[in-house]
Amino acid sequence: QLQLVESGGGLVQAGGSLRLSCTVSGRAFSSDIMGWFRQAPGKEREFVATIDWSGRTYYAESVKGRFTISRDNAKSAVYLQMHSLKAEDTAVYYCAVCVSGSIYYANSYEYWGQGTQVTVSS
């Protein structure tokens, strides 16, 4: 069974940068589609970015050009580099494995991590 652990969140000023990491254990994940989602208080979990086994990436419009998703299969890790952070990026960020369905919907994913809090002060 896969286990995912997110890290790298924190408090940052608007315009700053953070790099989130998601480490994967339990089995090899090089053929998995990995995604990042986020959930702000009182809101639904929303798609942020996904990377497939070939390295092809997909982004939400709200983060395109500011965030970069990447993976290192040798280290069993997925990363989310975030630049030009805005107050509206404040949320708990989760990584997960896409098991079926559309990459843009949370119910297509399983093996969610516990999340890491990102707070952007304006």
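Structure: above.
Residues numbered from 1 in each chain as written. Predicted model: local features only at pLDDT ≥ 70, side-chain atom pairs only at ≥ 80, totals over all residues. Heavy atoms only, no water.

Quick notes on the overall build of the protein
Working step 1: The number of helices and strands found in the protein is 0 helices and 11 strands.
Working step 2: Taken against the 2.2 N^0.38 rule, which gives 14 Å for 122 residues, the C-alpha radius of gyration of the protein at 13 Å falls within 12% of a compact globule.
Working step 3: Structurally, the protein occupies a C-alpha span of about 40 × 25 × 25 Å along its principal axes.
Working step 4: A burial count over the protein gives 44% of its 122 residues as buried. (Helix = DSSP H or I, 4+ residues; strand = E, 2+ residues; numbered from the N terminus. Rg over C-alpha atoms; globule rule 2.2 N^0.38 Å. Buried < 20%, exposed > 50% of the residue type's maximum accessible area, 1.4 Å probe, protein only.)

Considerations on the environment of Tyr-94
Working step 1: Along the chain, Tyr-94 turns up in strand β9 (residues 91-98).
Working step 2: Judged by relative accessible area, which is 12%, Tyr-94 ranks as buried.
Working step 3: Sequence-distant contacts of Tyr-94, that is, excluding residues within four places in its chain, are made with Glu-6, Gly-35, Trp-36, Phe-37, Gln-39, Arg-45, Trp-112, Gly-113, Gln-114 and Gly-115. (Contact = heavy atoms within 4.5 Å.)

A short note on the state of the cysteines
Working step 1: This model, assessed by the stated rule, comprises 1 disulfide.
Working step 2: Bridging Cys-22 to Cys-95, the disulfide has an S-S length of 1.9 Å. Judged by the sign of its S-S torsion, about 65°, the bond between Cys-22 and Cys-95 is right-handed. Of the two residues, Cys-22 is situated in strand β3 (residues 18-25) and Cys-95 in strand β9; the sequence distance between them amounts to 73 residues. Taken individually, Cys-22 and Cys-95 each receive the classification buried, so the pair is uniform in this respect. (Disulfide = S-S within 2.5 Å.)

Brief notes about the pairing of strand β8 (residues 77-82)
Working step 1: Within β8, 5 of the 6 residues are buried, which leaves it mostly tucked inside the rest of the structure.
Working step 2: As defined by bridge partners, β3 adjoins β8 across 6 bridges and the pair is classed as antiparallel. In the strand pairing of β8, Thr-23 is matched with Ala-77.
Working step 3: For strand β7 (residues 67-72) and β8, the ladder comprises 6 bridges, and the chain directions are antiparallel. Bridged to Asp-72 within β8 is Ala-77.
Working step 4: Counting the residues between successive antiparallel strands, the hairpin from β7 to β8 contains 4 residues, one of them, Ser-76, with a positive phi of roughly 50°. (Pairing = 2+ DSSP bridges.)

Describing the sheet that holds β8
Working step 1: Strand order across the open sheet formed by 4 strands is β1-β3-β8-β7, with antiparallel pairing between neighbours. The open sheet has two edge strands with one neighbour each: β1 (3-7) and β7. Between one strand axis and the next, the sheet turns by 15° as a mean value, whatever way the strands run.
Working step 2: Bridge analysis of β1 against β3 gives 5 bridges, and the strand direction is antiparallel. Looking at β3, one finds that Gln-3 is bridged to Ser-25. (Axes fitted to C-alpha atoms, helices over the stretch in contact; angles between N-to-C directions.)

Description of the packing of aromatic side chains
Working step 1: Considering all chains together, one arrives at 6 aromatic pairs under this definition.
Working step 2: With a centroid separation of 5.4 Å and 75° between ring planes, the pair formed by Phe-37 and Trp-112 is classed as edge-to-face. Of the two residues, Phe-37 is situated in strand β4 (residues 33-39) and Trp-112 in the loop between β10 (109-110) and β11 (116-121); the sequence distance between them amounts to 75 residues.
Working step 3: On the basis of relative accessible area, Phe-37 is assigned to the buried category, the value being 0%.
Working step 4: Judged by centre distance (6.2 Å) and plane angle (85°), the rings of Tyr-94 and Trp-112 are edge-to-face. (Phe/Tyr/Trp six-rings, centres within 6.5 Å; stacked < 30°, edge-to-face > 60°.)

Keep in mind that these numbers describe shape and distance, not what the molecule does.
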